[in-house]
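# Observations on chain architecture
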Amino acid sequence: MDALGADQADAFMAVLASPDDLAITVRDPDAEGVYPYRHPALDPILDAVPVRGLLTRGTTLGAALTLLAARPNSEHHTAPAAYAVLRRAARAGDCAAQLNLLLLLAADINTTASVLGQEQDRAKDWCPDDPTPDWLVGQTQLRRTPVAPAESEDVVRSTQTSPGIETMQSLVERNPEDVVALTGLGDAYLSAAMELDEKQPFSARGFFRRALNAYNDAVEHGGRREAAPGLARSLLALGRPERAAELLEPLVQDSASPGQLLELLIAAHESAREFNKATTAAQRLSELGPDAYPTGNVMLPVPQGSYSPGTTDDMFLALSLGADRFAPLNEHVVENPEGGGADVLDIPFIPPFHPTDGVTGTFAACPDWAWRRNAVLAGDPARALENWPSRFEGVRPDRSKSGCVIVSADVLRSVAERASGRATITPGLTVDEVADAHQNLFRWSGDLDGARRIAQEWASLRPDSALAHRRLAEIDYLNEKYDEAAAGFDLAAHHARLADWGDDLTVAQMELARGAALAAGGREEAESTLRPLVHQGTAGFAYQQGQNYRTALEFAAVSYYACLQLGDLERRSDRLHAAAEDYEKALSWLPTFTDRDIKVDRPEVLHNNAALANLTLGALDRAEELATRALEADPESPLFLMTSAFVAERQGDDALAAQRNRDALRSDPSAYPAANDLGVELARLGEDEAARRAFRQSVAARPDYALGWFNLGVLESSLGPGRLLQAQNALGKAYALDPDLRDRRRELTIDASVYRTALDLSKPLPPAWSFAGVERRATVASAGLLATLALGLGLARATGRRGSELAEEWLDPLSQRLESMPVLRRLGHPGWAVAATAVTFLAAAVRRPVGWTELSAYIVGLLALTAATICLREAVARRSRAAVKQSTWLPGVGFGLVTGAVGYPWAPLPVVAARPETPRVHLAASVLLACIALLLFVESAWLAMPLTSAWAATALTMAASLLLPVGPLDGAHAGKAGIAAGAGVVVTALLVGLGLL
């Protein structure tokens, strides 16, 4: 009356009383000139009202009409009238009226993006510095378009930013510490994650993580209570239900309207398998009823389509901010008559559980049903049966969105009766149906042991039931008892054939499951089991096409899955041509399932695995096509991104490969093969520092990843002497983890190992590493050879004079002839022996992969060992008052150069002649070198540095070379005691070097 005046108020109320006159019908909301909407009955009345009256009272009247429309179960469709009033009040410049108008339009699914954008801009102009306009629009966008629309029919979703995320990101940029903005961004990410959770698990996981980060930012800025519901949803999705429950419990106690918080708490307890606690929470919600939910004048726009009966993916209520304060507004300002749609049936291969109406699922807004179901799982079925209602009602205030979709709980009641030992009284249900629901309930809860116990009892009571044996085999498969599962599926096929000789489909499905179990268990007969199913499925499809197309599609699915399984078996056994053929057969089936009510599960698995087979065969174009298809299905799957990166790397596109691996690490920072490959590609692109960070990320994610350490060492070695210690540390760790890497070429290496994928892509699967064997280490082999030779000749020297006689008979005459030649006589200076020793060891070293920096350091150490040998002899001779002469022994030089060239170096060190003959002079160098080798081996075991190991092996080789009891070598002059002592030191050093001491 105050807003319109007496006459116009009467006319206005008359229109409100007539639903036909009240509606605004627009057949094409996008047509030009449609907006602003015209109300044929109300506009003439409102046009007669003075603008001043609408400005002062119109906002209040429009808000009252909006609240009347939003009242739960209201029969008053007053939203069009609210729009007509608010539009005029808003045009008069009232901020509150404009915000209310925006709220009303945002709640209507028929409001176009263009109209919403117009009113959003007006609200921002008339309400400056107020985040509400963007927040309202973002909330409706994240519900209407959680992810960006696909660019084509072949793509599941666009990788572009969705409108809701874009709006909320812009809001956060302008208000980086505002809890409203931060929780709004979390809501946008959360809605995208919930939309993709079943279709694209890796992309969904990425959005859940971003939502978690946004909510945590809100918590840091004082918004713990506001962020808690969204934070709990994210934690639930990321497998942390205990943390979600811990977060929610105190908020439930303090809230005046804890309805949605209790729903989430029930879901958290169920996910954590805390069924007693879930029962308690559900009973409390049941007692509170509709009063547990907010019904005030603060509302949230939830356009049509936001409602989902499942608790964790329902967007009808607030996702975070306002969960216990905001009432949902879901109204039509305009009518747009159109509709239609259909759902599809997936065929999971061997599912964790079979969805069963009234038994499985989380429907916490139906608490009376929820607490009874949870009581059965908690082991108290008798309690669940007390006062069983004739029907279950939801407790949300709006009956149409009550959250209770339990059409019939007869099956759950029968399960409770069966669990409590009572006779089933529900008519129309067979013993097998109730037993099946019983084991399935426990499978849904994650209690596979309990499910198996129930299925085992069922199979014992009904030994001729094919279904009982099938379910028992499924549980064994899920428990990774593959032999038992294969036997169970075989038994199920047997009983299915006996029950109906013409049931070819069920028998084929059981054989398919049996083949999968045999394949998972590594049994050879898997292939012979699966191969006939390819043709049997094809024949069944062809025969059933004209009779029952649904059955025909199920036969086609048998053939498809058989081909996929065969392809995987053949690819893993390196029969790549056969694998590619079977993958192509499976691919040929995919168009059959397009736009049908039966679809195969996860065709992206086929695309990815077929890409790997074609990649190995060198069919790079086909591999790229298939890898792209897999990536389109789930753009954030680290498995598919790594496959695509591998294809790009093989095609020589390091930039694209690097980008794919970056994306894989963004999706899963622990994907260490992707980090390794990214490092290789960045190094090729000249980004050494970024490559180093990538290699370090790979070994941080998995410290025992040998290839990552190896590549890090190779990169550090290439950066000059200043990085020698870092390079040696990394290479030492690589060699300790995989000794075969010691003789691998010092080149950055892509990880060619393959991730094994399966039909269930809800989580990453572990990789199967297979490093190829390489040659053994030359230095260790040489040291072992020389130590053995030294021991053998030492024993011969200790037991007789045959060694000296051989030397006198063959080597002394040879030495004399060589020394008689004038040219060779000049080579007697010990410097030639030093040079020959260096060349001998260098010739052996360059046969192994080694960097120039490491090689230079090795030469310095080699020369230091040689100098120590020469200087120690001189020092011992002076203390023994002996005259010594060190010289080059030409036969030794020749022998050393030959052995170095073939990779088994013998050290042609200078020989020494003492007057008088002093065993200590001859023994000193050998003992020193053996002791140095011993210390270096100990240090190498501690620090794991390849250069230290190389010096140790070199010192040991030198010691063993000198101890040979031949000719002028020290071993021929050290005496029996000296040989024994020297040999003992050498053997000790050798055993330490080999890791035996």
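Residues numbered from 1 in each chain as written. Predicted model: local features only at pLDDT ≥ 70, side-chain atom pairs only at ≥ 80, totals over all residues. Heavy atoms only, no water.

## Concerning the UniProt feature "transmembrane region" (unreviewed entry) in the chain
Test applied: UniProt positions are given in the numbering used here, feature names are shortened, and annotations may be inferred rather than shown by experiment. A helix here means a DSSP run of H or I that spans at least four residues, while a strand means a run of E at least two residues long, and both kinds are numbered starting from the N terminus.
Listed under "transmembrane region" (unreviewed entry) in the UniProt record, and renumbered for this structure, are residues 858-876, 888-907, 919-938, 950-967 and 979-996. As annotated, residues 888-907 comprises 60% helix and 0% strand, and the C-alpha atoms at either end are separated by 12 Å. For the annotated span residues 919-938, helix accounts for 100% and strand for 0% of the residues, and the straight-line distance between the end C-alpha atoms is 29 Å.

## What about the packing of helix H28 (residues 620-633) against helix H29 (residues 638-650)?
To be explicit about the condition: Inter-axis angles, ranging from 0 to 180 degrees, are taken between N-to-C directions of lines fitted to C-alpha atoms, where helices are fitted over the stretch in contact. Geometric relationships in this document are graded by angle, where less than 35 degrees denotes roughly parallel, more than 145 denotes roughly antiparallel, 65 to 115 denotes roughly perpendicular, and other angles denote oblique. Note on convention: the crossing is left-handed when the near helix lies turned anticlockwise from the far helix by less than a right angle, right-handed when the turn is clockwise. Whether two residues are in contact is decided by their heavy atoms: any pair within 4.5 Å suffices. Residues were grouped as follows: Ala, Val, Leu, Ile, Met, Phe, Trp, Tyr, Cys and Pro as nonpolar; Asp, Glu, Lys and Arg as charged; and all remaining residues, including Gly, as polar.
At a minimum axis distance of 9 Å, the contact between H28 and H29 shows a crossing angle of 155°. Between H28 and H29, the angle falls in the class roughly antiparallel. Where H28 crosses over H29, the two elements pack in a sense that is left-handed. Of the residues in H29, those in contact with Leu620, Ala623, Glu624, Ala627, Ala630 and Leu631 of H28 are Phe640, Leu641, Thr643, Ser644, Val647 and Arg650. Partitioned by chemical class, the residues of the contact of H28 with H29 number eight nonpolar, two polar and two charged.

## Some details on the packing of helix H27 (residues 603-617) against H29
With their axes 10 Å apart at the nearest point, H27 and H29 run at an angle of 25° to one another. Taken together, H27 and H29 sit at an angle that is classed as roughly parallel. Both H27 and H29 take part in a crossing whose hand is left-handed. Two secondary-structure elements touch here, H27 through Glu604, Val605, Asn608, Ala611, Leu612 and Leu615 and H29 through Leu639, Phe640, Thr643, Phe646, Val647 and Arg650.

## Details of the confidence of the model for the chain
When pLDDT is low, close inspection of the predicted coordinates is not appropriate. This is how the line gets drawn: Confidence scores here are pLDDT values: one per residue, from the predictor, ranging 0 to 100.
On average, residues of the chain score 79 in pLDDT, and 78% of them are at 70 or above. Per-residue pLDDT stays below 50 along residues 757-811; that stretch engages in 102 contacts with residues further than four places along the chain or on separate chains.

## Overview of the environment of Arg531
Our working rule: Polar contact is defined as a pair of N or O atoms within 3.5 Å, subject to the rule that within protein one atom must be able to donate a hydrogen and the other to accept it, and that residues adjacent in sequence are counted only when both atoms are side-chain atoms.
Residue placement: Arg531 occurs in helix H24 (residues 526-544). In the structure, Arg531 is positioned 35 residues away from Leu566 in sequence and 7.4 Å away in space, judged by C-alpha atoms. Beyond its immediate stretch of four places on either side in the chain, Arg531 contacts Leu566, Glu570, Asp582 and Lys585. Within the structure, the side chain of Arg531 is placed 2.9 Å from the side chain of Glu570, a separation counted as a polar contact.

## Quick look at the environment of Leu620
As a reminder, the rule being used: Relative accessibility thresholds used throughout: buried, under 20% of the residue-type maximum; exposed, over 50%; partly exposed, between the two (1.4 Å probe, protein chains only).
Relative to the helices and strands, Leu620 is located in helix H28. Leu620 sits in the partly exposed class, given a relative accessible area of 23%. Along the sequence, Leu620 and Val647 sit 27 residues apart, while their C-alpha atoms lie 6.9 Å from each other. If we ignore the near neighbours within four places in the chain, the residues touching Leu620 are Leu615, Val647, Arg650 and Gln651.

## Regarding the packing of aromatic side chains
Applied cut-off: Paired rings are identified among Phe, Tyr and Trp, the last through its six-membered ring, by centres lying within 6.5 Å, and are further divided according to the angle between planes into stacked (under 30 degrees), edge-to-face (over 60) and tilted (the rest). Each ring is checked for a lysine NZ or an arginine CZ that lies within 6 Å of its centre and within 35 degrees of its normal; such an atom marks a charge sitting over the ring.
Counted by the stated rule, this structure contains 10 aromatic pairs. Arranged with centres 5.3 Å apart and planes meeting at 85°, the rings of Phe541 and Trp589 form a pair that is edge-to-face. A residue pair is termed long-range when its members are at least 10 positions apart, and Phe541 in helix H24 and Trp589 in helix H26 (residues 576-589) qualify at 48 residues. Here Phe541 and Trp589 have matching classes, each one buried. Seen in terms of ring centroids, Tyr560 and Phe593 are 6.4 Å apart; in terms of plane orientation they differ by 70°. Their pairing is edge-to-face. Note that Tyr560 is positioned in helix H25 (residues 549-572) and Phe593 in the loop between H26 and strand S4 (598-600), a separation of 33 residues in sequence. Note on accessibility: Tyr560 and Phe593 belong to one class, buried. Cluster of aromatic residues (ring-pair linked, three or more members): Phe541, Tyr549 and Trp589. The lysine or arginine in question, Arg210, covers the ring of Phe207, its NZ or CZ lying 4.7 Å from the ring centre.

## Things to note about unusual backbone geometry
Of note, Asp129 is a non-glycine position whose phi angle comes to about 65°, a positive value. On the secondary structure map, Asp129 appears in the loop between helix H7 (113-126) and helix H8 (132-144). For Asp129, a relative accessible area of 83% puts it in the exposed group. Within the chain, Asn387 stands out as a residue other than glycine whose phi angle is a positive 50°. Here Asn387 lies in the loop between helix H17 (381-385) and helix H18 (410-419). The exposed category is assigned to Asn387, whose relative accessible area is 72%.

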